[in-house]
Each structure stands twice: as C-alpha cells, then as structure tokens.
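Coordinate analysis (summary)
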Amino acid sequence: MTAHELFHKQDFAGKFVGCVSMIKSFYMHFYIEHLYGHHRNVGTPKDPATSRFNESFYQFLPRTVIGTWKSAWNYEKRRLLEIESLSTHWSPQNRMLWFAASYAAMPVACYLYGGITGLLVLFISGTVSFIYLEGINYIEHYGLERKQIGVDLWEKVDIRHSWNAPHRMTNYFLFKLQRHSDHHENSYKPYQTLCSYDQSPQLPNGYALCVMVIFYPKLWFSVMNPIVDYYKKGIKPDPKVLSQGKKAMWNYTFFMFGFFGLMTFIQFTRVSNLPFNLTNLRAMLN
C-alpha cells in the first residue's frame, strides 16, 4: 500500500522508492503498468487489473499476473521506440530488463546472506505480498465497466468505476485506498485528501474483510453479484441486500477464524505434549 502511494507522487524520489520497494515481491513492473495502463484502461477489457463480473479470484490471478507483465513490457517498448526514438527496445534504457535482472539477483543475494532459510522467506513473503496486492485489485473494480462509446474508445473514468468502503480503521491502515473512486478520478491527489462520495459503488465491508471472502468464490458471488446488478442499473442497492451481504461475510470470517484457531490449538497441544488435548476438550464441552 505504501508503494502504491509513492507511485503517485510527482517527484522522482517518491516514484523511485515506491518502485524499488516492490523488488521483494518480484513485482517492480507493476509500477509501469499501474501508472500507464491501469489508470488509463480501468473498467475496460484492455485492463488486466480489472476483474470481470462472475470471474473468480482464482481465474483472475493468473490472467492479471501474466497480463500485467505483458502490458508493462508493451508500454516500455512503445516508450523507447516512439517517445525516445530508439532503434530497438533491447536497450539499457529498458526498465523491464533491469527489473528482470533484479528478480534473478534478489534470490541469489538472499541465499548468500541467509542460505535456504533466507531464500524460503523471500519466496514466501514475496508470493503472499503479490497475491494480497492482486486480491485488493480484484476487489477494487469487480464487475464494474465503463461504457464503450466508439471503436477502442470508452467513457471517461469517474467515481462510478471503483468500489469504495467508508470503514474508518481499514482506511487508516490502507492509506485511504478504500476511497478508490476519488483516487482514480484524481490520481495525483494526496491520500490524506481523498473523499468519499455517495454516488460511488459501496462495498458491504472494508477491504480487509473482503480480501478474505474472495478465496471462497461462491460466497463472494452470492454477496457481490446482486449489488453489482443494482449499480449497473444506475440505482443504489436495497439496504437489506447490503445488510445481508455484510452479515454473510462476517459469519464466514468468524467461522474461518474459529476453524483455523482450533486446528492451531490442536496441533500446538500435540507438539507440546500438553495434558490438555482434544479428548479433554471434548469431555469439557460435553
């Protein structure tokens, strides 16, 4: 989230730090695609970071990972050939080549410094990071589309093309990323000044809770598809629909926390050889 905010700074230092900070996720190319692709093509079939209606997160993830790389490469190629007027894009000025080199150098550095443990930490943390990043992307624009008004031409991006959530705590932790409609309409606006609008599509819960639900597509579709349909018709969802969706998400979250908490407790007692085990737990519950 910090890197995303730095991408949108107008000074070189901010952009540079934001880009370099993505090296641990093997996702530095996201900087190019996000600024020059996603913000231009959001809500259209051309955008690999816009999740489609009825597209599960498991379908979206490989499409966006591959599409983000291809899009970033094409934008960098176009910059070098058409703007910088180079004879070839296979040049030291091609940032994508430097990014690729860093993706090879980073594991080597981690292995030399921390051995196999360092390598495992890098790959696990990097994988979790980019999956979480793309999970947020999946939520931000799920099912929302811009109207096509011509050949390869769509209506202007406005506050109707991103999902928002007014939940205070997750807004604080995510640098107000949940005020996403204002961010897309005013991409260089500082996060402290981003606004919420009643006309923007509203999620039933904050991003932190939604990102857990996307791993269960059946629940995600049952909650979000009726809400998307309302906004496609240009009307606000029935409050009862939002309330039911919010409740369903919370019930699922409590169940998952309870289930994994119980499994962790059982494993802990087995490893620790504690007298308080599953048999004793059942006896207490009975």
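Residues numbered from 1 in each chain as written. Predicted model: local features only at pLDDT ≥ 70, side-chain atom pairs only at ≥ 80, totals over all residues. Heavy atoms only, no water.

Concerning helix α2 (residues 12–20)
So the rule is basically this: The rule is simple: take the accessible area with a 1.4 Å probe, protein chains only, and divide by the maximum for that residue type; under 20% is buried, over 50% is exposed, in between is partly exposed. Per the convention used, a helix needs a DSSP run of H or I reaching at least four residues, while a strand needs a run of E reaching at least two, with both numbered from the N terminus. Read the arc as the range of directions from the helix axis to the C-beta atoms. The contact criterion used is simple: two residues touch if any of their non-hydrogen atoms lie within 4.5 Å.
Taken as a whole, α2 has its buried residues at Gly14, Lys15, Gly18 and Cys19. Projected down its long axis, α2 carries its buried residues within an arc of 125°, all on one side. Among the structural elements, α1 (2–7), α3 (30–41) and α5 (95–140) are those in contact with the buried residues of α2.

Points about the side chain of His141
Test applied: Identification of polar contacts relies on pairs of N or O atoms within 3.5 Å, with a donor-acceptor requirement for protein atoms, meaning one able to donate a hydrogen and the other able to accept it, and with residues adjacent in sequence counted only if both atoms are side-chain atoms.
The topology assignment puts His141 in the loop between α5 and β1 (148–150). Under the relative-accessibility criterion, His141 is labelled buried at 0%. A polar side-chain atom of His141 sits 3.0 Å from the main-chain carbonyl oxygen of His161. At a separation of 3.4 Å, a polar atom in the side chain of His141 contacts the side chain of Ser162. In this structure, His141 is in contact with His38, Val42, Ala49, Thr50, Ser51, His161, Ser162, Trp163, His180 and His184, ignoring residues within four places of it in sequence.

Observations concerning the pattern of salt bridges
Going by this rule: When a carboxyl oxygen of Asp or Glu lies within 4 Å of a side-chain nitrogen of Lys or Arg, that pair is called a salt bridge.
The full count for this structure, using the stated rule, is eight salt bridges. Two residues, Glu155 and Arg160, come together in a salt bridge whose shortest N-O distance is 3.0 Å. With a relative accessible area of 41%, Arg160 lands in the partly exposed category. In this structure, a network of salt bridges that share partners links the residues Glu76, Arg79, Glu84 and Arg95.

Things to note about the side chain of Ser162
With respect to the helices, strands and loops of the structure, Ser162 is situated in the loop between β2 (153–154) and α6 (168–173). With residues up to four places along the chain from it excluded, the contact list for Ser162 reads Glu140, His141, Leu144, His180, Ser181, His184 and Pro201.

What about the environment of Pro107?
On the secondary structure map, Pro107 appears in helix α5. Take Pro107: its relative accessible area is 14%, and that puts it in the buried class. Among all residues touching Pro107, those that are not within four sequence positions of it are Phe26, Ser102, Leu119, Leu122 and Phe123.

Focus: the nonpolar core
Rule in force here: What is meant by a nonpolar core is a set of buried Ala, Val, Leu, Ile, Met, Phe, Trp, Tyr and Cys residues, joined one to another through side-chain atoms within 4.5 Å.
Judged by nonpolar contacts, the single largest core of 51 residues is most densely connected at Tyr138, Ile139, Trp163 and Trp220. Elements represented by at least two residues in this core include exactly α1, α3, α4 (57–83), α5, α8 (207–213), α9 (217–232) and α10 (239–272). It is α5 that contributes the most residues to this core, 10 residues altogether.

Topic: the confidence of the model for the chain
Worth spelling out the cut-off: One number per residue, pLDDT, summarises how confident the predictor is, and it ranges from 0 to 100.
In this model, the chain carries a mean pLDDT of 85, and residues with pLDDT of at least 70 account for 90%. Averaged over each element, pLDDT in the chain is lowest for helix α11 (residues 278–285) (54) and highest for α4 (95).

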